[in-house]
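Descriptive structure summary
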Amino acid sequence: MLLGLGLLLVAPPAGAATLAFTGTLGLRIGILPAASLVGAGVAQVSDDGSLHLLSLSLPGGSFGPVSTSIPLTAAEAQSLRFTGIQNLGGVFSNVSGGPPGGGVMPLQGMARICLPFDFSCQSIALILPLTATGTPLRGFGVGGTQNAPGAVSFTLQHAPWTVGQPLLSIHNPATTITTPMLPGGFAHGPASGTSSTAQASGALQLVTVTRVFTSLTGAFPELSLTGVLMLHFVPEPGTLLLLGSAAAAFALAGRRRRRP
């Protein structure tokens, strides 16, 4: 039993096809309060045999759907609403190697800043669609530019998810700037080693940003929409069951030895 448990704890899942995960997906507009989605699932992964995580695919619906309204005290807005937020399938590569590792994971749903006196949050609200329809796919966590006319018109410039600092071209396609409002992403294993991410207790953080330019000349002429995806790889249920059974067996053996 001891030998089996030891092998279970130390054997590397070389070339593992799946990893169970739990995680959080945080969304923030500017410096307004953030919305956080809690998720879990099983990711498809590939590694190079030494637990260096090469690629990662997350299933759609791992996070959400969530709708929430956050009241605001600022004079410029009365509330912040996230509606129907849910991730679509995500594909990431070179995620243990730092920049330029990352990839694409779109989000469905809508973010709204409800302006004063618009109690329906419709007529003069700042409405930000997260993922546009059509080909090529554009949107939050994907990349590309969206333009939307209306009572409040806006332009959204998106970046994909990245393990490093997100980069965006603002106005001038030849100019790339960093976005210091976000921390860089990271990938590490249980002992904080970047080469052992692809095992239970490894962790991965990816970040993304969208810059929003609006037609409002007073409040909110320019905003950032940021996302932080945090994943923690956990033992799969079968592994947990085996560990629990072993622990129960050890406890039972201990009680038997204590009996007179």
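What you are looking at is a predicted structure, and each value in this text was computed from that prediction instead of being measured.

With that settled, consider the overall build of the chain. Along its length, the chain carries two helices and 19 strands. Burial statistics for the chain: of 260 residues in total, 40% are counted as buried. If you take every contact in the chain between residues at least 6 apart in sequence, the share linking residues at least 24 apart comes to 57%. In the structure as shown, the chain presents an accessible area of about 12400 Å², 62% of it carried by carbon and sulfur atoms.

On to the confidence of the model for the chain, then. Counting all residues, the mean pLDDT for the chain is 75, and 68% of those residues have values of 70 or more. Here helix α1 (residues 2–10) is the element of the chain with the lowest mean pLDDT, 39, and strand β6 (residues 90–93) is the one with the highest, 94. Per-residue pLDDT stays below 50 along residues 1–14; that stretch engages in 18 contacts with residues further than four places along the chain or on separate chains. Throughout residues 238–258 the model reports pLDDT below 50, and contacts reaching past four residues in sequence, or to other chains, amount to twelve contacts.

A separate point is the environment of Ser196. Positionally, Ser196 belongs in the loop between β17 (186–188) and β18 (203–214). By relative accessible area, Ser196 is classed as buried at 15%. In this structure the C-alpha to C-alpha distance between Ser196 and Ser96, which are 100 residues apart in sequence, comes to 8.5 Å.

Attention now goes to the sheet that holds strand β9 (residues 126–129). With antiparallel pairing, the four strands of this open sheet are ordered in space as β4-β5-β8-β9. Of all the strands in the sheet, just β4 (66–71) and β9 have a single pairing partner and so form its edges. Going from strand to strand, the sheet's axes swing by 10° on average, the running direction of each strand aside. Examined bridge by bridge, strand β8 (residues 107–114) and β9 share four bridges and lie antiparallel to one another.

The next point concerns the nonpolar core. Ranked by internal contacts, the top residues of the largest apolar core, which has 46 residues, are Ile29, Leu56, Leu58, Phe82, Phe92, Ile113 and Leu229. Beyond its immediate sequence surroundings of up to four residues, Leu56 is in contact with Ala43, Gln44, Val45, Gly90, Val91, Phe92, Leu204, Leu231 and Phe233.

What follows concerns the side chain of Gln146. Examined against the element boundaries, Gln146 turns out to sit in strand β12 (residues 144–148). A distance of 2.4 Å separates the side chain of Gln146 from the side chain of His158, its partner in a polar contact.

On to the environment of Thr210. Assignment of secondary structure puts Thr210 in strand β18. The buried category is assigned to Thr210, whose relative accessible area is 0%. Sequence spacing of Thr210 and Gln157 is 53 residues, and the spatial spacing of their C-alpha atoms is 5.5 Å. Here the side chain of Thr210 touches His158 through a polar contact of 2.7 Å, side chain to side chain.

Time to look at the packing of aromatic side chains. For the structure shown, the criterion picks out two aromatic pairs. A centroid spacing of 6.1 Å and a plane angle of 80° characterise the contact between Phe140 and Trp161, whose relative ring orientation is edge-to-face. Here Phe140, found in the loop between β11 (138–139) and β12, pairs with Trp161, found in strand β14 (residues 161–162); they are 21 residues apart in sequence, far enough to count as distant. Accessibility expressed as a relative area gives 0% for Phe140, which makes it buried. Residue Trp161 is classed as buried on the basis of its relative accessible area, which comes to 1%.

What counts as what
- Residues numbered from 1 in each chain as written.
- Predicted model: local features only at pLDDT ≥ 70, side-chain atom pairs only at ≥ 80, totals over all residues.
- Heavy atoms only, no water.
- Helix = DSSP H or I, 4+ residues; strand = E, 2+ residues; numbered from the N terminus.
- Buried < 20%, exposed > 50% of the residue type's maximum accessible area, 1.4 Å probe, protein only.
- Contact = heavy atoms within 4.5 Å.
- Areas by Shrake-Rupley, 256 points an atom, 1.4 Å probe, with all protein chains shown as cover.
- pLDDT = per-residue confidence, 0-100.
- Pairing = 2+ DSSP bridges.
- Axes fitted to C-alpha atoms, helices over the stretch in contact; angles between N-to-C directions.
- Core = buried A, V, L, I, M, F, W, Y, C linked by side-chain atoms within 4.5 Å.
- Polar contact = N/O pair within 3.5 Å; in protein donor to acceptor, adjacent residues only side chain to side chain.
- Phe/Tyr/Trp six-rings, centres within 6.5 Å; stacked < 30°, edge-to-face > 60°.

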